[in-house]
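# Observations on chain architecture
The chain contents come next:
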Amino acid sequence: MELEGKLNGELNLELTEQEQILKLRKELHQHNYNYYVLNMPTISDKDFDMMMHQLQDLEKLHPEMADPNSPTQRVGSDLNNEFVTVQHKRPMLSLANTYNQQEVSEFYERVKEGLQGAPFQICCELKFDGLSISLHYEHGSLVRAVTRGDGTQGDDVTQNVRTIRSIPLQLPQGAGYPDEFEIRGEVLMPWTSFERLNKQREENEEPLFANPRNAASGTLKSKNSSVVAERGLDAYLYYLLGEGIPGDGHYQNMEAASKWGFQVSKAMKLANSLQEIYDYIEYWDTERKNLPVATDGIVLKVNSLAQQRSLGMTAKSPRWAIAYKFQAEQAETILRQVVFQVGRTGAITPVANMDPIQLSGTQVRRATLHNADVMAQLDLHVGDHILVEKGGEIIPKVVGKACPTEPGCPKINFITHCPACGSKLIRYEGEAAIYCPNETGCPPLIVGKIEHFVSRKAMNIFSMGPEIVESYFKQGLIHDAADLYTLKAEQLLNADKTNEVSVNNILNGIKESKNVPFERVLFAIGIRFVGEIAAKSLARYFGSMDKLSTATLEELTQVNGIGEVIAGSVIKYFADERNRTFINRLTKYGLQMQISQEQQEAKSDRLKDMSIVISGVFAHHSRDEYKAMIEKHNGKNVGSISGKTSFILAGENMGPSKLEKAQKLGVRIMNEEEFLQLVGEQ
Ligand code: IVH
């Protein structure tokens, strides 16, 4: 795909600003495609950023030219997205599954019979393991993206999909696509993004995603499109629909779509015989392990659209296509023991120790048993012959027994007391995990809490890694995070794991952490469920640890994004005398226990107790800026209009359904100028 004209990003002074906007958008779309689809950037990241900034600046000057498909919109927004359910134009069917050569051959024979001996080709493709998406384009612009849902209706996730860089927002003019068409494909989270995300979540004490599919699905349904933008989703397209699509061949149509700018898998191949299909399956069964994204099988499709139509559908799936699912790699071994690991949140994970076996090219001696329910279902005994699998999940898991337990093998039960501290274990309502509740006395929990406290997004005492924390704890130098502020050079010099240079680094890091703003201190102390974002909202709303510590459930749930679970956890935290003592010590050591003077001065109660909906496109400030203003003046920004909405801050082009709802409920609509006057920002 080539774009006419010079792509140098320099502002052309002969063009009007409006023309420059259009030119920059076109160039940035092309560079985006070169980078994310072709993997062949033609300009440096720096030049790309520079062009993006030029475009952002120009768009600010020309709000009348706002375009949801502008490359600047790829970063998303943290405004609450509401997903509207929409009907699919054409139902999104699923595929029948096959698991062996025999079933593939039966499919082939059925097709042959159905086509009454006419020659046919089968298009072989990878089966991507993500979630399916339907994209609609009108005159080359992405207008709607919808999840599969139940096949007849799905969620409109357009705003989130716009942040996926390999999905074109605007196709180049004159590339030959029809005026209107639909293209379907799979949204995926590449392995690298998945690993990065789970690492981050581990640091933030958030539950991990079991596999990239769950991560992609959770991400695409996020209410916050800036979160989606950060998570590095990708997409492969595999099905073109609509009138006026190029030709009768599915394979050829996908080649055309690739030329228009869509990411189409290079692994597609036309097969002329059953043997060629088997060869394809065999090749990709191993080769798929080198791909950047997860696949769980092969899809076989009759290539001719006319032949597809003549074969038709069953109630659930087409007769012209089938999925062949790869076998998850499985092996048999002997269970020797189950150990119970205590995580830093206190969650207990049963882990099977077994005789070593080879799985997906690595030697495996341990496999997860997930939780007490899974373990009970497996009914395990020492000496059992067990089956271990490495499937979509990265950690091997025990999936069952290879044969019944032999007599005399002792049964393995879930423990009742913590293996690290002996406390009685508990199960929180609605959770599968069993926990050690001894947050202040159980060593792995304490070490975990201190590790979290010093971590980058919390107090950022970067000179102290987990190894040092654990070692100092074991040596009795620290018993909790507050003890860090009592450490002396002499103590550290004699301690294991330190040398003179790092003593200074560590002490400096600890000292500097006293300047870390209140919102991060709040995150660092590790109140259950209070992640980075909740800590920020709570800090801004209450302004100080003192105020927060006495807040009621009603007050806490007033804060944007704080529901009853987080609110309940905050209350429980401050009700515990030990936590209050801990906070008092941190205060004494000089940590920031309130928001800064600057932040305080700017705050007001002008919007106190008000629920405000933002809608439309604005001239003076961005939506994010308005959202920040609402929070600053103690208001609450909400996503949807209800009887409780105080008013709607409306810009240009407010959605017709919102307008209708507002009028019906008699909710006041306020324009930008009135709002700015109200909050005194004019
Ligand atoms: S074609 C009517 N092609 O597998 C045929 N599907 O159970 C429509 N999938 O929901 C699907 N890779 O999410 C097709 N190359 C591929 C695919 C693929 C993954 C998913 C898709 C679909 C499911 C079928």
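Heads up: these notes are all about the structure in this document. (Residues numbered from 1 in each chain as written. Predicted model: local features only at pLDDT ≥ 70, side-chain atom pairs only at ≥ 80, totals over all residues. Heavy atoms only, no water.)

## Notes on the overall build of the protein
Keep this limit in mind: Starting at the N terminus, helices and strands are each numbered in turn, a helix being any DSSP run of H or I of at least four residues and a strand any DSSP run of E of at least two. We compute the radius of gyration from the C-alpha atoms alone; for a globule the expected value is 2.2 Å times N to the 0.38, where N is the number of residues. Contact between two residues is taken to exist if any of their heavy atoms lie within 4.5 Å; hydrogens are not considered. With residues, only the protein chains shown are counted as cover, and all accessible areas are computed by Shrake-Rupley using a 1.4 Å probe. The charge count treats Lys and Arg as positive and Asp and Glu as negative. His and the chain ends do not count. One atom stands in for each charge, and that atom is NZ of Lys, CZ of Arg, CG of Asp or CD of Glu.
Check the secondary structure of the protein and you find 25 helices and 22 strands. Over its C-alpha trace the protein gives a radius of gyration of 29 Å, about what one expects of a compact globule, namely 26 Å for 682 residues. The dimensions of the protein, computed from C-alpha atoms along their principal axes, are 85 × 80 × 55 Å. Put simply, 66% of the contacts in the protein that link residues at least 6 apart link residues at least 24 apart. Surface exposure of the protein reaches about 33800 Å², of which carbon and sulfur atoms provide 49%. Of the side chains in the protein, 74 bear a positive and 88 a negative charge, and the two mean positions are spaced by 4 Å.

## So, the nonpolar core
As a reminder of what qualifies: Among buried residues, those of type Ala, Val, Leu, Ile, Met, Phe, Trp, Tyr and Cys that are joined through side-chain atoms within 4.5 Å constitute a nonpolar core. The buried label applies to any residue whose accessible area, calculated with a 1.4 Å probe on protein chains only, is under 20% of its type's maximum; exposed applies above 50%, and partly exposed to all values in between.
By size, the foremost hydrophobic cluster in this structure holds 58 residues, and its most contacted members are F453, M464, Y472, L484, Y485, L522 and L538. Looking at this core, the elements that each hand over two or more residues are α12 (443-454), α13 (466-474), α15 (500-512), α16 (518-524), α17 (532-542), α18 (545-549), α20 (564-575) and α21 (577-588). In terms of residue count, the dominant contributor to this core is α17 (six residues). Of all hydrophobic cores here, the second largest spans 39 residues; its members include L131, V161, Y177 and W260.

## Details of the site of the ligand
For clarity, the threshold we go by: When we say a residue is near a molecule or strand, we mean one of its heavy atoms is within 4 Å of it. Pairing of N or O atoms within 3.5 Å defines a polar contact, subject to two protein rules: one partner must be a possible hydrogen donor and the other a possible acceptor, and residues neighboring in sequence count only if both atoms are side-chain atoms. Only Asp, Glu, Lys and Arg are considered charged in this grouping, and only Ala, Val, Leu, Ile, Met, Phe, Trp, Tyr, Cys and Pro are considered nonpolar; every other residue, Gly among them, is considered polar.
What surrounds the ligand is a group of 13 residues, the closest being E125, L126, F128, E186 and Y238. Between the ligand and the protein, one listed contact pairs an oxygen atom with a side-chain N or O atom of S132 at 3.3 Å. Measuring from an oxygen atom of the ligand, one finds a side-chain N or O atom of E186 at 2.7 Å. Its free accessible area being 530 Å², the ligand has 91% of it covered by the protein chains. Top element by residues in the shell around the ligand is strand β3 (residues 122-128). It accounts for four residues. A per-class count over the shell around the ligand returns seven nonpolar, two polar and four charged.

## Quick notes on the environment of N438
Summarising the element assignment, N438 is placed in the loop between β18 (434-435) and α12. In sequence terms N438 and L425 are 13 residues apart; their C-alpha atoms lie 8.9 Å from each other. Discounting residues that sit within four places of it in the chain, N438 has contacts with C421, S423 and L445.

## Section: the sheet that holds strand β19 (residues 611-615)
Whenever strands of a sheet pair, they do so through backbone hydrogen bonds, lying parallel or antiparallel. For clarity, the cut-off: For two strands to be treated as a pair, DSSP must find at least two bridges joining them. Working convention: axes come from line fits to C-alpha atoms, limited for helices to the stretch in contact. Angles between N-to-C directions cover 0 to 180 degrees.
With parallel pairing, four strands are arranged side by side in an open sheet as β20-β19-β21-β22. The two strands at the open ends of the sheet, each matched to only one other strand, are β20 (636-638) and β22 (668-670). This sheet shows a mean twist of 35° between the axes of neighbouring strands, independent of strand direction. Those strands touched by helix α23 (residues 623-632) are β19, β20 and β21 (647-650), and its axis lies near 170° from that of β19. Contacting β19, β21 and β22, helix α24 (residues 656-665) crosses the sheet at an angle of about 150° to β19.

## Some details on the sheet that holds strand β5 (residues 141-147)
Taken in spatial order, the four strands of this open sheet run β5-β4-β7-β8, and their pairing is antiparallel. Since the sheet does not close on itself, it has two edges, and those belong to β5 and β8 (234-241), each with one partner. Strand after strand, the sheet turns through a mean of 30° between neighbouring axes, direction not considered. Strand contacts of helix α6 (residues 212-220): β4 (131-138), β5 and β7 (180-188), with the helix running at about 45° to β4, the strand carrying the most contacts. Strand contacts of helix α8 (residues 250-260): β7 and β8, with the helix running at about 130° to β8, the strand carrying the most contacts.

## Section: the environment of I298
Positionally, I298 belongs in strand β10 (residues 295-302). A residue is classified by how much of its surface remains accessible, and I298, at 0% relative accessible area, is buried.

## What to know about the pattern of salt bridges
Side chains that differ in charge, positive against negative, can pair when their charged atoms come close. Worth spelling out the cut-off: Between Lys or Arg on one side and Asp or Glu on the other, a salt bridge is scored when a side-chain nitrogen of the former is within 4 Å of a carboxyl oxygen of the latter.
Within the structure shown, the criterion is met by 28 salt bridges. Note that K457 is salt-bridged to E532, the shortest N-O span being 3.6 Å. Within this pair, whereas K457 is found in the loop between α12 and α13, its partner E532 is found in helix α17, the two being separated by 75 residues in sequence. Where R585 meets D483, a salt bridge forms, and the shortest distance between an N and an O atom there is 2.6 Å.

## What to know about α12
Applicable threshold: Given a helix with a known number of residues, its expected span is that number minus one, times 1.5 Å.
Its 12 residues give α12 an end-to-end C-alpha distance of 17 Å, which sits within 8% of 16 Å, the value for a rise of 1.5 Å per residue. Among the residues of α12, those classed as buried are L445, I446, V447, G448, I450, H452, F453 and V454. Its buried side turned inward, α12 meets α5 (191-203), β12 (329-342), α13, α16 and α21.

## Concerning the side chain of D384
Inspection of the secondary structure assignment puts D384 in the loop between α11 (372-378) and β15 (385-390). Polar side-chain contacts of D384 include one of 2.7 Å to the backbone nitrogen of H381. Excluding residues within four positions of it along the chain, D384 makes contact with T333, I334, L335, D379, K401 and T405.

## A closer look at the packing of helix α3 (residues 101-114) against helix α9 (residues 274-287)
What counts is decided by this rule: What sets the label is the angle itself: under 35 degrees gives roughly parallel, over 145 gives roughly antiparallel, 65 to 115 gives roughly perpendicular, and the rest give oblique. Should the near helix be turned anticlockwise from the far one by less than a right angle, the crossing is termed left-handed; should it be turned clockwise, right-handed.
Remark: α3 packs on α9, axes separated minimally by 11 Å, with the N-to-C direction vectors making an angle of 140°. The angle between the axes of α3 and α9 places the two elements in the oblique class. As for the relative orientation of α3 and α9, their crossing is right-handed in sense. Each of Q101, V104, S105 and Y108 in α3 lies in contact with α9, whose residues at this interface are L274, I277, Y278 and I281. Here the contact of α3 with α9 is built from residues that sort into six nonpolar, two polar and no charged.

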